[in-house]
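The residues making up each chain are set out below.
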Amino acid sequence: MLNTARALKGYKLRGLDGEIGTIEEFYFDDHHWTIRYLVANTGTWLMGRQVLISPYALVAVNKEEQYITVDLTKNRLRTVHP
């Protein structure tokens, strides 16, 4: 299913071990016109930092409840974004 990036802004991100944060922005590859990364605001669990998430980590989109499931854990994000 095709979704616009604007429609996904503000969606919650759910990882394998709970909620990761919300989608704030997108980084685009302007040469190929594709989304390169999702920028997620982690809220309080990672001291309010923003993390980059590859679109390859996305598993499913739930439009009704406005969340996206990703194949990542909080520990993995903590390790990648110290």
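Residues numbered from 1 in each chain as written. Predicted model: local features only at pLDDT ≥ 70, side-chain atom pairs only at ≥ 80, totals over all residues. Heavy atoms only, no water.

I tried to follow unusual backbone geometry on my own but got confused; where do I start?
Glycine aside, the phi torsion of most residues is negative, and most peptide linkages are trans. Positive phi is not limited to glycine here, since Trp 33 has a value of about 55°. On the secondary structure map, Trp 33 appears in the loop between β2 (18–29) and β3 (34–41). A relative accessible area of 70% means that Trp 33 is categorised as exposed. (Helix = DSSP H or I, 4+ residues; strand = E, 2+ residues; numbered from the N terminus. Buried < 20%, exposed > 50% of the residue type's maximum accessible area, 1.4 Å probe, protein only.)

Can you walk me through the environment of Leu 16 in this structure?
Inspection of the secondary structure puts Leu 16 in the loop between β1 (12–15) and β2. The exposure class of Leu 16 is exposed, given its relative accessible area of 58%. When the C-alpha atoms of Leu 16 and Val 80 are compared, they prove to be 16 Å apart, with 64 residues separating the residues in sequence. Setting aside chain neighbours within four positions, we find Leu 16 in contact with Val 70, Asp 71, Leu 72 and Thr 73. (Contact = heavy atoms within 4.5 Å.)

What should I look at first to understand the environment of Leu 52 in this one?
Looking at where Leu 52 falls in the secondary structure, it is placed in strand β4 (residues 50–53). Along the backbone, Leu 52 and Gly 18 are 34 residues apart, and their C-alpha atoms lie at a distance of 17 Å.

Explain the side chain of Asp 29 to me, please; I cannot follow it from the model alone.
Within the element layout of this structure, Asp 29 appears in strand β2. For the buried Asp 29, which has no salt bridge, the nearest side chain bearing the opposite charge is Arg 36, at an N-O separation of 4.7 Å. Contact partners of Asp 29, with chain neighbours within four places excluded, come to Thr 34 and Arg 36. (Lys, Arg positive; Asp, Glu negative; His and termini not counted. Salt bridge = Lys/Arg side-chain N within 4 Å of Asp/Glu carboxyl O.)

Help me out: how do you make sense of the pairing of strand β6 (residues 67–70) in this one?
In this structure, β1 lies alongside β6, joined through 3 bridges in parallel fashion. What sits directly across from Leu 13, in β6, is Ile 68. Note that strand β5 (residues 58–62) and β6 share 4 bridges and pair antiparallel. The partner of Val 61 across the bridge, within β6, is Ile 68. (Pairing = 2+ DSSP bridges.)

Is there a simple way to think about the sheet that holds β5 in this case?
Whenever strands of a sheet pair, they do so through backbone hydrogen bonds, lying parallel or antiparallel. Read from one edge to the other, the open sheet built from 6 strands follows the order β4-β3-β2-β1-β6-β5, with strand pairing classed as mixed. Only two strands of the sheet have a single partner each, and these edge strands are β4 and β5. When the angles between neighbouring strand axes are averaged without regard to direction, this sheet yields 35°. Two strands pair when backbone bridges link them, and β2 and β3 are joined in this way by 7 bridges, in the antiparallel orientation. Bridge pairing in β3 places Asp 29 opposite Thr 34. (Axes fitted to C-alpha atoms, helices over the stretch in contact; angles between N-to-C directions.)

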